[in-house]
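Descriptive structure summary
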Amino acid sequence: MAVARPALLEGTRPPGVFTRHDHHGDTVVDADVVVIGSGAGGSTVAAELAEAGFDVIVVEEGSYYQTRDFTADTSAMVRQLYRDGGATMAIGNPPVMYQEGRAVGGSTVINGGMSWRTPDKILARWEREAGLAGIAKDLEPHFARVEKRIHVAGMDAEAIGKDNHLLKRGADAKGWQIIGNLRNQAHCAGSNRCAFGCPTGAKQSSLVSYVPRALHYGARIYADVRVDKITRHGKRATGVIGTVRGTPHRLAVRAKLVVSACGAIHTPALLHRSGFRTPSGQLGHNLSMHPNVKVVAIFDEQVTGWRGAHQAFQVREFQDQGLVFAAVNLPPSVLAMSFPHRGAALGQLMDQYDRMVVAGMLCEDTATGRVRTIDGKPQAFYQLAEADAANLQRGVGLLSDLLFAAGAKRILLPFQGAPDLLSADDARRLMDRKIPAKGWEVVTVHMMGTARMGTDRARHVTDAFGAVHDTDRLMVADASLFPTPIGVNPMETIMALATRAAGHVIDNARRYLS
Amino acid sequence: MSGYRHSATGRRVLESLVTVVCPPEAHGLASAIVDHMELTLAASPPMLGRAFATGLVAYDLGALPLHGRRAHKLSAERRERYFASWEHGPTPLHTQFSHAINQLMSLSCYEMPAMTERLGYHPAPWIDEVTRRRLTVYRDDVRRQEAQILAPDPLRPGVYVGKRRREVG
Ligand SMILES: Cc1cc2nc3c(=O)[nH]c(=O)nc-3n(C[C@H](O)[C@H](O)[C@H](O)COP(=O)(O)OP(=O)(O)OC[C@H]3O[C@@H](n4cnc5c(N)ncnc54)[C@H](O)[C@@H]3O)c2cc1C
Ligand code: SF4
């Protein structure tokens, strides 16, 4: 039998953080506001409301880790920080593997730190389609506030690694627009470990920004507690009941306002299993995923892509067509797992690890899927649209063309059974033929839209601030709110919307506190 | 956590597959690789662990009608042929299961220090080096950011609801 190594040690906890070790029986606590989930949305709401004087409790299913707990042991980090060890999948053909964080700080602990405002064209679309009049102007100061808090900045030149320089070399050779990535980091040191918990503390994830701020202003965080349901009195939310993981103990929080910030997969399931029904019937629908595929390019020269910042650049040439490219180094184990090769062939391929550039793309999707609640648990369903598959295939061709322009000698494709590309001509030919999507390896880390906001209670799940239509004292403050996919990395949008929601609660404090 | 544990048969099947899936340099690491797979599966959804365990039994017994022996007892050459027959059908379930084995075992294989050493992949000293550099070169900026995280900056200046639960600095 294998014995789990305690790779993540629980260090001294700051006051206000409670873990499973603090529970010796069932507990009932009171607060003004209970926030479920401590990720991008939840931690932001919690910090803003705590500073305004609300008594805030955050309940988080994941555990509390600190920067010193983040080691170079990739698998241990995945087991601890990712929900279900990262093995989560939306059913479809092809299936879409997706990943979510489960820890204090949510997915921001394992994300890449790309920090972008919602594009203007998307906000204009939200105005048109969701009735969110004035949202662009409204969000402006909130973006600025978030950017200050999580220190959104360009990269220090010395932290940029060779894989990213090669991406830039290729884009420059093609004459394509490539920009330095804005990331929430304070002097990112270039360890390329963002997806496994930043071990230097440079990434300003919620864990080291909004969470300590919330605690500083008096919020309490109950880690290791999975909220089973939101309690209610008729249509009015009255608190939450949860189970302390690994124990038989329960935690009940009685609160005047309940904010669900469990992410776009878990918020609809929680609301469903708590018995909330919305007039639109849209809860759980409208799931967007920004499907993502990657290519692996092999160069003659040494790349050593694991030294240097994660995704220092983004190729924006095709953003209008819904495609954004970036270089994303993966540790050997994760990369080996993605190859169909085995035996000696796998060894020969992996021996070239230090000469590989892994590059991927984000696709603004047109399909929408759904989160169904089965036995109280969420199951995502998502069918990649033909148009999105065609766009992704075109993206693979374009990205390969760029990588050949940078000097790549061979490119491995994300399509089962497809031969490797050996030249830019091969890459261009790839764009001319149709590859059936069912054998593709599609992944995503951006799930959005399952409790979409908007002014029409017949079409939207929440109002313009996240208050769930036809309920009382129940808000959503996470990626579920997006009326449409946004075509760029979503964290900053989630935080700006959460800040705006907190402002709304403060402005209407009497209503929420009475 | 699913609490997944390999059964004795499951372990024997997986150990026999290390020579099929992993590169020759890893063949001496079979036991550690299979241990690591157990940890990975234990962190996965329970349903996945159950399906995997059932698949291993089916894989082991499935060799009987074809080769007259259970899979974990096959010779190296037959082991290879039998695994390849699962990779190429006869049903999508066979293919999916062989892919799952390939994925999980490749992941565990390249988590072995001896294997990452071969690739020159040494993240731990690199992390130490860049962490030190950051805290030396940018010490003041880092401190400024830490202070900013806690500094008062109310969203609605002048508006303060409720009574502070406890004193804040
Ligand atoms: C690997 C990875 C890389 C990414 N890279 C980027 C990037 O570079 N830039 C970017 O903008 N975005 C990125 N993202 C996406 C971004 O991090 C997420 O979109 C964002 O964090 C979602 O915020 P959220 O508040 O909706 O949910 P999350 O941040 O996921 O937080 C939800 C929290 O709720 C908790 N929870 C769920 N259910 C319950 C329950 N029942 N009880 C208690 N707690 C519960 C979860 O454990 C989790 O901690 C990435 C994501 C991943 C996974
Ligand atoms: S690349 Fe930068 S932000 Fe990412 S983990 Fe390393 S130091 Fe942290």
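Everything numeric in this text was worked out from a predicted model, so none of it was measured.

**Some words on unusual backbone geometry**
- Cis geometry marks the peptide bond from Asn93 of chain A to Pro94 of chain A, where omega comes out at 10°.
- Mapped onto the secondary structure, Pro94 of chain A falls in the loop between β4 (88-90) and β5 (96-98).
- The linkage connecting Gly89 of chain B with the following residue, Pro90 of chain B, adopts the cis geometry, with an omega of 0°.
- Along the polypeptide, Pro90 of chain B turns up in the loop between α4 (76-87) and α5 (92-109).
- Of note, the phi angle at His151 of chain A is positive, near 55°, even though the residue is not glycine.
- In this structure, His151 of chain A sits in the loop between α4 (135-149) and β6 (152-153).
- Here His151 of chain A falls in the partly exposed class, since its relative accessible area comes to 28%.

**Quick notes on the site of ligand 1**
All names here are of chain A.
- Close contacts around ligand 1 come from 38 residues, with Glu60, Ser107, Met114, Val227 and Met491 the closest.
- In the environment of ligand 1, an oxygen atom lies 3.3 Å from a nitrogen or oxygen atom belonging to the backbone of Ala40.
- Here a nitrogen atom of ligand 1 and a backbone polar atom of Glu61 are 3.1 Å apart.
- Coverage of ligand 1 by the protein amounts to 95% of the 1000 Å² it exposes when considered alone.
- Those elements that provide at least two residues to the shell around ligand 1 are α1 (40-51), β10 (225-233), α7 (266-273) and α12 (491-507).
- Here the shell around ligand 1 is composed, by residue class, of 16 nonpolar, 15 polar and 7 charged.

**A closer look at the domain arrangement of chain B**
- Each domain of chain B was delimited in the assignment, giving domain 1 (8-119) and domain 2 (124-168).
- Computed over C-alpha atoms, the centres of domain 1 of chain B and domain 2 of chain B are 47 Å apart.

**A short note on helix α3 (residues 120-130) of chain A**
All names here are of chain A.
- When α3 is considered as a whole, its buried residues turn out to be Ile122, Leu123, Trp126 and Ala130. Seen end-on, α3 carries its buried residues on one side only, within an arc spanning 100°. What points out from α3, more than 90 degrees from its buried face, is the exposed set Asp120 and Arg128.
- Count one or two residues on from α3 and you reach Gly131, which has phi positive near 70°.

**Examining the interface of chain A and chain B**
- The partner chain B presents 62 residues to the 77 residues of chain A that form the contact.
- Together chain A and chain B conceal approximately 5900 Å² of surface at their shared face, both sides included; 56% is due to carbon and sulfur atoms.
- Summed over the three residues of chain A that lose the most area to chain B, namely His187, Trp306 and Arg342 of chain A, the buried surface amounts to 13% of that side.
- Taken together, chain A and chain B are joined by 7 salt bridges.
- The tally of links from chain A across to chain B stands at 31 residue pairs in polar contact (both at pLDDT 80 or more).
- Contributing elements (two or more residues each) for the side of chain A that touches chain B: α1, α2 (74-81), α4, α6 (210-216), α8 (332-338), α9 (343-350), α12 and α13 (509-513) of chain A.
- Counting residues per element, the side of chain A that touches chain B draws most heavily on α12 of chain A, which supplies 6 residues.
- Residues of the side of chain A that touches chain B, tallied by class, amount to 34 nonpolar, 24 polar and 19 charged.

**Examining the site of ligand 2**
All names here are of chain A.
- The environment of ligand 2 is made up of 14 residues, and the closest members are Cys188, Ser191, Cys194, Cys198 and Thr200.
- Each residue belonging to the shell around ligand 2 can be placed in one class, and the counts come to 6 nonpolar, 5 polar and 3 charged.
- Among the domains, domain 1 (18-151 + 193-287 + 446-509) and domain 2 (157-185 + 290-364 + 385-439) are the pair contributing at least three residues each to the shell around ligand 2.

**Here's the deal with the sheet that holds β4 of chain A**
Residue and element names in this part refer to chain A.
- Sheet architecture is open: 3 strands sit in the order β4-β5-β20, paired in mixed fashion. Strands at the two margins of the open sheet, each flanked by one partner only, are β4 and β20 (442-444). Averaged over all pairs of adjacent strands, the angle between their axes in this sheet comes to 35°, without regard to strand direction.
- Here β4 pairs with β5 via 3 bridges, running antiparallel. Looking across to β5, one finds that Thr88 is bridged to Tyr98.

**Some details on the packing of aromatic side chains**
- Counting across every chain of the model gives 14 aromatic pairs over all chains.
- Both rings, one in Trp306 of chain A and one in Tyr121 of chain B, keep their centres 5.2 Å apart while their planes meet at 75°; by these two values the pair is edge-to-face. Linking Trp306 of chain A in the loop between β13 (294-298) and β14 (313-315) with Tyr121 of chain B in the loop between α6 (113-118) and α7 (123-137), this pair reaches from one chain into another.
- Exposure remark for Trp306 of chain A: the relative accessible area of 3% places this residue in the buried category.
- Tyr121 of chain B sits in the buried class, given a relative accessible area of 8%.

**Points about α4 of chain B**
Residues and elements named next belong to chain B.
- Spanning 12 residues, α4 covers 17 Å between terminal C-alpha atoms, matching the ideal 16 Å at 1.5 Å per step.
- Those residues of α4 hidden inside the fold are in contact with α1 (8-21), α3 (46-67) and α5.
- Looking one or two residues beyond α4, the residue adopting positive phi is Gly89, at roughly 125°.

**Side note on the nonpolar core**
- Core analysis: the biggest nonpolar cluster contains 165 residues, and Phe54, Val56, Ile230 and Leu403 of chain A have the highest contact counts within it.
- Here the element with the most residues in this core is α12 of chain A; it accounts for 10 residues.
- Two domains each put at least three residues into this core: domain 1 (18-151 + 193-287 + 446-509) and domain 2 (157-185 + 290-364 + 385-439) of chain A.
- Not counting residues up to four positions away in its chain, the partners in contact with Leu403 of chain A are Val295, Ala297, Phe299, Val357, Ala359, Ala408 and Ile411 of chain A.
- In terms of nonpolar packing, the next biggest core, distinct from the first, is built from 51 residues, Tyr353 of chain A together with Val18, Val21 and Ala30 of chain B among them.

**Quick word on the environment of His165 of chain A**
- By the element assignment, His165 of chain A lies in helix α5 (residues 162-174).
- Once residues lying within four places of it in the same chain are set aside, the contact partners of His165 of chain A are Ile160 and Phe313 of chain A.

**Focus on the side chain of Asp228 of chain A**
Residues and elements named next belong to chain A.
- Tracing the backbone shows Asp228 in strand β10.
- A polar contact of 2.5 Å, which involves the side chain of Asp228, links it to the side chain of Thr243.
- Apart from the residues within four sequence positions on either side, Asp228 is in contact with Ile241, Gly242, Thr243, Arg250, Leu270 and Arg273.

**Side note on the side chain of Thr484 of chain A**
Residues and elements named next belong to chain A.
- The topology assignment puts Thr484 in the loop between β21 (474-476) and α12.
- Using a relative accessible area of 3% as the deciding quantity, one classes Thr484 as buried.
- Apart from residues lying up to four places away in sequence, Thr484 is in contact with Ile122, Arg125, Trp126 and Glu129.

**A look at a nonpolar patch on the surface**
Residues and elements named next belong to chain A.
- Among the surface-exposed residues, Met89, Ile91, Met97 and Val443 lie close enough to one another that they form a single nonpolar patch of about 290 Å² accessible area.
- Here Met89 is to be found in strand β4.
- Exposure remark for Met89: the relative accessible area of 37% places this residue in the partly exposed category.

**Observations concerning the pairing of β13 of chain A**
Residues and elements named next belong to chain A.
- Counting buried positions along β13 yields 5 of 5 residues, so the element is predominantly enclosed.
- The side-chain alternation of β13 yields two buried faces, one formed by Lys294, Val296 and Ile298 and the other by Val295 and Ala297.
- Bridge count between β13 and strand β16 (residues 356-363): 5 bridges; the pairing is antiparallel. Within the sheet, the bridge partner assigned to Lys294 lies in β16 and is Gly360.
- Bridging between β13 and strand β19 (residues 410-412) involves 3 bridges; their strand directions are antiparallel. Bridged to Val296 within β19 is Leu412.

Scoring rules and cut-offs
- Residues numbered from 1 in each chain as written.
- Chains lettered and ligands numbered in written order.
- Predicted model: local features only at pLDDT ≥ 70, side-chain atom pairs only at ≥ 80, totals over all residues.
- Heavy atoms only, no water.
- Helix = DSSP H or I, 4+ residues; strand = E, 2+ residues; numbered from the N terminus.
- Buried < 20%, exposed > 50% of the residue type's maximum accessible area, 1.4 Å probe, protein only.
- Near = heavy atom within 4 Å.
- Polar contact = N/O pair within 3.5 Å; in protein donor to acceptor, adjacent residues only side chain to side chain.
- Areas by Shrake-Rupley, 256 points an atom, 1.4 Å probe, with all protein chains shown as cover.
- Nonpolar A, V, L, I, M, F, W, Y, C, P; charged D, E, K, R; others polar.
- Domains from an automatic or database assignment.
- Arc of directions from axis to C-beta.
- Contact = heavy atoms within 4.5 Å.
- Buried area = accessible area lost by both parts, 1.4 Å probe.
- Salt bridge = Lys/Arg side-chain N within 4 Å of Asp/Glu carboxyl O.
- Pairing = 2+ DSSP bridges.
- Axes fitted to C-alpha atoms, helices over the stretch in contact; angles between N-to-C directions.
- Phe/Tyr/Trp six-rings, centres within 6.5 Å; stacked < 30°, edge-to-face > 60°.
- Expected span 1.5 Å × (residues − 1).
- Core = buried A, V, L, I, M, F, W, Y, C linked by side-chain atoms within 4.5 Å.
- Patch = residues over 30% accessible without salt bridge, like charges linked within 9 Å, V, L, I, M, F, W, Y side chains within 5 Å.

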